[in-house]
Amino acid sequence: MAPTKPKSKGKDKAKERLRAKNATPTVNVRDLLVKATALLEAGDLENAAKTARVAYENIGEKGRQAGAALSLLGQIHVELGDVDTARTFFTCAVKVDEDGSLPEDLGGGPEKFLWLAQLSEDGGRDSVSWFERGAAALRTQIQTLTDKLDSLPLTRDQQEATITEKRRKLAETLCAVAEVYMTDLSWEEDAEQRCESLITEATMLAPELPDTWQTVANVRISQTRVDEAKEALKRSLGLWSDLAPEDPAVPPFPTRVSLVRLLIEVGMEESAIKVAERLIDEDDQSIEVWYLGGYGRYIMGEKLKESQPSDGEKWQGTWRSARKWLMQCRRLFVAEQYEDERLGEHAQELLSSINSELGDAPEQDDEIWEDTDGEDDDEDEEMQ
């Protein structure tokens, strides 16, 4: 038998190098989604969008993680202010997971439904429909987690914490539906009954959540049951008012702004002013909070003027403080070309009313906002 010609090792290595060079690099889409999420949280929205889109292109329309990529792209475009594109991505994510039953790391769960409820162009029934789909997904998750508690004793504490988080999310969702029935669907015959059912379940699910009691108060105000609204607001305040600003139990800034409005509406101006002061400590560029803080002081001064007309120093001092808050509101309103014309007009009306009683503001007040902590402390002593 003739000897076989030995293979050239050099040629084999060259072929291997050529194959490696021409091979398409493997893309780890999970890592890309993690990176895009981190970029979103860091506020780098453009790069977050690019990274998430690359991930989705590599996953494909029917890929296992398509829903996760689509939901993430939806969230990124919400932050970019591109609502139409965000709505499209969330709608596509729903097609991947129509009932929210997929694992959350694959784009399952309630979030896409809740986003579509908030982004709904039609509002009303359409929003309620999306909220209800989100609520259904949350109920399923809560039940599944609850059923597994006994079978996972080593992670029971973690599971219970997750269940609590889901219950709170469900309570917030039910409160959001109640808000729709108090506004867009208030004309429906069963709107009040639905609100009652929703807030009852919400308070049972998460009695420790300030937002639920704030929604209860809003419903009671709509029913002209003011005393019950006050009690609900006191309960809401009692859950967080003594906590540090960074405590996670403190409601979000917009929720507390709404709270100030409700407190003023039911005549709890002292509490409204305290919440407004705390909000300004966190963000002194909020035009709405400057307005509400000034409005609350105006009403308080008006009440003092009616109940103690002979004690001019009290109500005049309160109105002087109100004027400073309202003037700061107007300064920011003009500087930022704020869109809410009614707010700006009302702030000016209140200022005109104050000036007709106290005369024009001193020149130093008309130049810049000055710290009035000392003056507000004096007011607090008068309130007590």
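Structural data are supplied above this passage.
Residues numbered from 1 in each chain as written. Predicted model: local features only at pLDDT ≥ 70, side-chain atom pairs only at ≥ 80, totals over all residues. Heavy atoms only, no water.

**Points about the packing of helix α9 (residues 191-205) against helix α10 (residues 210-222)**
Viewed as axis vectors pointing N to C, α9 and α10 meet at an angle of 155 degrees, and their least axial separation amounts to 9 Å. With respect to each other, α9 and α10 are oriented roughly antiparallel. In the crossing of α9 with α10, the sense of the turn from one axis to the other is left-handed. Between α9 and α10, the residues in contact are C195, E196, I199, A202 and T203 and T212, W213, T215, V216, V219 and R220, respectively. Here the contact of α9 with α10 is composed, by residue class, of six nonpolar, three polar and two charged. (Axes fitted to C-alpha atoms, helices over the stretch in contact; angles between N-to-C directions. Helix = DSSP H or I, 4+ residues; strand = E, 2+ residues; numbered from the N terminus. Parallel < 35°, antiparallel > 145°, perpendicular 65-115°, else oblique. Left-handed = near helix turned anticlockwise from the far one by under 90°. Contact = heavy atoms within 4.5 Å. Nonpolar A, V, L, I, M, F, W, Y, C, P; charged D, E, K, R; others polar.)

**Thoughts on helix α3 (residues 45-59)**
If you check α3, its first and last C-alpha atoms are 21 Å apart, about what 15 residues at 1.5 Å a residue would give, namely 21 Å. Residues L45, A48, A49, T51, A52, A55 and I59 constitute the buried set of α3. Against the buried residues of α3 lie α2 (29-42) and α4 (66-80). (Expected span 1.5 Å × (residues − 1). Buried < 20%, exposed > 50% of the residue type's maximum accessible area, 1.4 Å probe, protein only.)

**Observations concerning the pattern of salt bridges**
In this structure the tally under the stated criterion is 22 salt bridges. Across the pair E160 and R156 runs a salt bridge whose closest N-O atoms are separated by 3.2 Å. One end of the pair is E160 and the other is R156, both in helix α8 (residues 156-182) and four residues apart, which spans about a single turn. Ionic pairing is found between E269 and K303, a salt bridge with its closest N-O pair at 2.9 Å. Separated by 34 residues along the polypeptide, E269 in helix α13 (residues 269-282) and K303 in helix α14 (residues 287-307) bring together distant segments of the chain. What you see here is one network of salt bridges that share partners, running through E196, R220, R225 and E228. (Salt bridge = Lys/Arg side-chain N within 4 Å of Asp/Glu carboxyl O.)

**Regarding the packing of α14 against helix α16 (residues 341-358)**
Two numbers describe how α14 lies on α16: the axes approach to 11 Å, and their chain directions differ by 35 degrees. Here α14 and α16 pass one another in a crossing that is left-handed. Contact residues: α14 offers I287, E288, Y291, Y295, Y298 and K305, while α16 offers L343, H346, A347, L350, S353, I354 and E357.

**Quick notes on the nonpolar core**
Judged by nonpolar contacts, the single largest core of 85 residues is most densely connected at Y181, L233, L263, V275 and Y291. Here this core takes 10 residues from α8, the largest share from any one element. Not counting residues within four places of it along the chain, the set of residues in contact with Y291 comprises R261, L326, C329, L343, H346, A347 and L350. Grouped together as the second largest cluster of nonpolar side chains are 21 residues, A36, L45, A69 and A93 included. (Core = buried A, V, L, I, M, F, W, Y, C linked by side-chain atoms within 4.5 Å.)

**Points about the packing of aromatic side chains**
Scanning the model with the defined rule gives seven aromatic pairs in all. The interplanar angle of 20 degrees and the centroid separation of 6.3 Å between the aromatic rings of F113 and W130 together place this pair among those described as stacked. Here F113 is found in helix α6 (residues 111-119), whereas its partner W130 is found in helix α7 (residues 124-148), with 17 residues between them in sequence. Residue F113 shares its accessibility class with W130, and that shared class is buried. One aromatic cluster in this structure is built from Y298, W315 and W319. Over the aromatic face of F113 sits the side chain of K112, whose NZ or CZ is 4.9 Å from the ring centroid. Stacked on the ring of W315, the Lys or Arg K305 has its end atom at 5.0 Å from the ring centre. (Phe/Tyr/Trp six-rings, centres within 6.5 Å; stacked < 30°, edge-to-face > 60°. Lys NZ or Arg CZ within 6 Å of the ring centre and 35° of its normal.)

**Digging into the side chain of K112**
Topologically, K112 is positioned in helix α6. Accessibility expressed as a relative area gives 2% for K112, which makes it buried. For K112, the side chain forms a polar contact with the side chain of D97, separated by 2.8 Å. From its side chain, K112 meets the backbone oxygen of G109 in a polar contact 3.1 Å long. Each residue touching K112, except ones within four places of it in the same chain, is listed here: S71, F90, A93, V94, D97, G100 and G107. (Polar contact = N/O pair within 3.5 Å; in protein donor to acceptor, adjacent residues only side chain to side chain.)

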